[in-house]
Amino acid sequence: MRGGLFLGIGAYAIWGLLPLYLRLLREVPSGQVLAHRVVWSLLLLLGVVLVMRRGGAILRAARGRTLALLCASAVLIAINWLVYIWSVQHGHVLEASLGYFINPLVNVALGLIVLRERIAPVQAVAVAVAAVG
């Protein structure tokens, strides 16, 4: 339990310091920063997959419609990150942070409206508290 707590704190610390790092890279085009993120993440995850010997399972799972959906989600995530990197590099950290705060609320609303999902009363209270925030 303690290890998870420290990992969580570390993750939030890194996430909180990321805008400072991206701001230092303001002279580097946003697309180039994103490209580096993609390439280095790909190499890291490729290493993890090789060490864990999960390549076969991944290749079997990523076919047809699943592969198309994975590609679509990768494009959407890349657009999200490009906008975030650009925002931070151009001094719009507060706006980018607000977008990241509001995004889950919009996702819940879309799930309720478009997908007609149901949430438990406790979840509704949590969403309401977040919305008031």
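Read on for an overview of the structure. As the structure is a prediction and not an experimental result, all values here were calculated from the model. Every chain begins its residue count from 1, and numbering advances along the sequence as written. Two thresholds apply to this predicted model, a pLDDT of at least 70 for residue-level local features and 80 or more for giving and counting side-chain atom pairs, whereas whole-chain, interface and lining totals are computed over all residues. The side-chain values count all of the structure's non-hydrogen atoms but skip hydrogen atoms and water molecules.

Stacked, edge-to-face and tilted are the three classes for Phe, Tyr and Trp ring pairs, Trp counted by its six-membered ring, which pair at centre distances within 6.5 Å; planes under 30 degrees apart are stacked, over 60 edge-to-face, the rest tilted. Inspection of every chain in the model, using the stated rule, returns five aromatic pairs. For the ring pair W15 and W81, a centre distance of 5.9 Å and an interplane angle of 85 degrees mean the geometry is edge-to-face. Of this pair, W15 sits in helix 1 (residues 2-24) while W81 sits in helix 4 (residues 64-89), and the two are 66 residues apart along the sequence. A 1.4 Å probe rolled over the protein chains alone gives each residue an accessible area, and that area as a share of the maximum for its type sets the label: buried under 20%, exposed over 50%, partly exposed in between. With a relative accessible area of 11%, W81 lands in the buried category. For a lysine, the NZ atom is tested; for an arginine, the CZ atom; a charge sits over a ring if that atom is within 6 Å of the ring centre and within 35 degrees of the ring normal. Over the ring of W81 we find R37; its NZ or CZ atom is 3.7 Å from the centre of that ring. Each helix is a run of DSSP H or I of at least 4 residues and each strand a run of E of at least 2, with the numbering of both proceeding from the N terminus.

Our next topic: the packing of helix 1 against helix 4. The contact between helix 1 and helix 4 brings their axes to 8 Å, and the two run at 65 degrees. Of the possible angle classes, the one that applies to helix 1 and helix 4 is roughly perpendicular. When you trace helix 1 past helix 4, the crossing you get is right-handed. Along the contact surface, helix 1 presents W15, L18, P19, L22 and R23, while helix 4 presents W81, Y84, I85, V88 and Q89. Basically, the charged four are Asp, Glu, Lys and Arg, the nonpolar ten are Ala, Val, Leu, Ile, Met, Phe, Trp, Tyr, Cys and Pro, and anything else, Gly included, counts as polar. Taken together, the residues of the contact of helix 1 with helix 4 break down into eight nonpolar, one polar and one charged. Helix axes are fitted to C-alpha atoms over the stretch in contact, other axes to C-alpha atoms as well, and angles between N-to-C directions run from 0 to 180 degrees. Throughout, the term roughly parallel applies to angles under 35 degrees, roughly antiparallel to angles over 145, roughly perpendicular to angles from 65 to 115, and oblique to all others. Put simply, a crossing is left-handed when the front helix is turned counterclockwise from the back one by less than a right angle, and right-handed when it is turned clockwise. Here, residues are in contact when the closest pair of their heavy atoms is within 4.5 Å.

Such coordinate-based values are descriptive only and should not be taken to indicate function.
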